[in-house]
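As a plain string of letters, each chain reads:
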Amino acid sequence: MKALAREVLQEVLDAEMTDFLGADRNERNAERTGYRAGYYSRGLVTRIGKLELRVPRDRSGEFSTALFERYQRSEKALVAALAEMYVQGVSTRKVTAITEELCGTDFQRAASARSTKGWMKHWPALPLGRWTRSTRT
């Protein structure tokens, strides 16, 4: 499953670069807006495990993929699940164990705590009324 997901994501990245440049590899046409400049490696932690992707680069450095944000290292659904566990009062040790089991990758407790603390900074701005003390029974 991991190999299939990696292959599909790699195809999407290459298609995005082709659309961005207006030309495929080694294709010459008048609509071309730039040139490829190789790849860089990016690890992305997902629910099916860590995927090593090769993200294409362009010479001008303007290409940015829609698959994930710049500097994003984990899937947003995974981060949302971590935040939900934190809200429910699960300890960081248990969050780490669950994440390791789900993703097959080793997370340190400090990394789990950092991600939930970063999420908690935005707590007042989030529409999470169902978790407030006034609505608990």
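All values reported here derive from a predicted model rather than from experimental measurement. Within every chain, residues take consecutive numbers counted from 1 along the sequence as written. Given that this is a predicted model, residues contribute local features only at a pLDDT of at least 70 and side-chain atom pairs are listed and counted only at 80 or more, while totals for whole chains, interfaces and linings are drawn from all residues. Hydrogens are left out, water is left out, and the side-chain values use all remaining heavy atoms of the structure.

1. Notes on the overall build of the protein
Thought 1: What counts as a helix is a DSSP run of H or I of at least four residues, what counts as a strand is a run of E of at least two, and both are numbered from the N terminus. Within the protein one finds 4 helices and 2 strands.
Thought 2: Along the protein, helices (α) and strands (β) appear in the sequence α-β-β-α-α-α when read from the amino end.
Thought 3: Buried residues are those whose accessible area, probed at 1.4 Å on protein chains only, stays under 20% of the maximum for their type, while exposed residues exceed 50% and partly exposed ones sit between those limits. Buried positions account for 32% of the 137 residues belonging to the protein.
Thought 4: Here a residue-residue contact requires only that any non-hydrogen atoms of the pair lie within 4.5 Å. Partitioning the intrachain contacts of the protein with sequence separation of at least 6 by distance along the chain shows that 49% fall at a separation of at least 24.
Thought 5: The accessible surface values rely on the Shrake-Rupley method and a 1.4 Å probe; as for residues, cover is taken only from the protein chains in view. For the protein, the computed accessible surface area is about 9,500 Å², with 52% contributed by carbon and sulfur atoms.

2. Focus: the confidence of the model for the protein
Thought 1: Residues of the protein with pLDDT of at least 70 account for 73%, and the chain-wide mean is 76.
Thought 2: The low-confidence segment residues 129-137 (pLDDT under 50) makes 9 contacts with residues lying over four places distant or belonging to another chain. Each residue carries a pLDDT value, the predictor's own confidence for that position, ranging from 0 to 100.

3. Remarks on the pattern of salt bridges
Thought 1: Salt bridge criterion: a side-chain nitrogen from Lys or Arg within 4 Å of a carboxyl oxygen from Asp or Glu. Per the stated rule, a full pass over the model turns up 2 salt bridges.
Thought 2: One salt bridge in this structure joins Asp-14 and Arg-25, with 3.7 Å as the shortest N-O distance. Of this pair, Asp-14 sits in helix 1 (residues 2-21) while Arg-25 sits in the loop between helix 1 and strand 1 (36-46); the two residues are 11 residues apart in sequence, bridging distant segments of the chain.
Thought 3: When its relative accessible area of 43% is taken as the criterion, Arg-25 is described as partly exposed.
Thought 4: Two residues, Glu-52 and Lys-50, come together in a salt bridge whose shortest N-O distance is 3.8 Å.
Thought 5: Residue classification places Glu-52 among the partly exposed positions, given a relative accessible area of 38%.

4. Let's talk about the packing of aromatic side chains
Thought 1: Centres within 6.5 Å make a pair out of two Phe, Tyr or Trp rings, where for Trp the six-membered ring is used; the pair is then stacked when the planes are under 30 degrees apart, edge-to-face when over 60, and tilted otherwise. A full pass over the atoms with the stated rule returns 1 aromatic pair.
Thought 2: With centroids separated by 5.6 Å and ring planes inclined at 65°, the aromatic side chains of Phe-20 and Phe-63 adopt a geometry described as edge-to-face. One end of the pair, Phe-20, is in helix 1; the other, Phe-63, is in the loop between strand 2 (49-58) and helix 2 (76-87), with 43 residues separating them in the sequence.
Thought 3: Given a relative accessible area of 13%, Phe-63 falls into the buried group.

5. Things to note about the side chain of Arg-32
Thought 1: Looking at the element boundaries, Arg-32 is found in the loop between helix 1 and strand 1.
Thought 2: No salt bridge is formed by the buried Arg-32; the nearest opposite charge belongs to Glu-27, separated by 6.2 Å.
Thought 3: Counted as a polar contact is a pair of N or O atoms within 3.5 Å, where, for protein atoms, one must be capable of donating a hydrogen and the other of accepting one, and residues adjacent in sequence contribute only when both atoms are in side chains. Within polar-contact distance, the side chain of Arg-32 engages the backbone oxygen of Glu-27 at 2.3 Å.
Thought 4: Other than its neighbours up to four places away in sequence, Arg-32 contacts Leu-21, Gly-22, Ala-23, Asp-24 and Glu-27. We score Asp and Glu as negative and Lys and Arg as positive, and we do not count His or the chain ends.

6. Describing the environment of Leu-13
Thought 1: Within the secondary structure, Leu-13 sits in helix 1.
Thought 2: Along the backbone, Leu-13 and Ala-66 are 53 residues apart, and their C-alpha atoms lie at a distance of 8.7 Å.
Thought 3: Excluding its chain neighbours within four sequence positions, the residues that come into contact with Leu-13 are Leu-53, Arg-54, Val-55, Pro-56, Phe-63, Thr-65 and Leu-67.

7. A few points about the nonpolar core
Thought 1: Within this scheme, the nonpolar core is defined by two criteria: the residues are buried Ala, Val, Leu, Ile, Met, Phe, Trp, Tyr or Cys, and they are joined through side-chain atoms within 4.5 Å. Counting 5 residues, the largest nonpolar core consists of Leu-13, Leu-44, Leu-53, Val-55 and Phe-68.
Thought 2: In contact with Phe-68, not counting residues within four places along its chain, are Arg-42, Leu-44, Leu-53 and Val-55.

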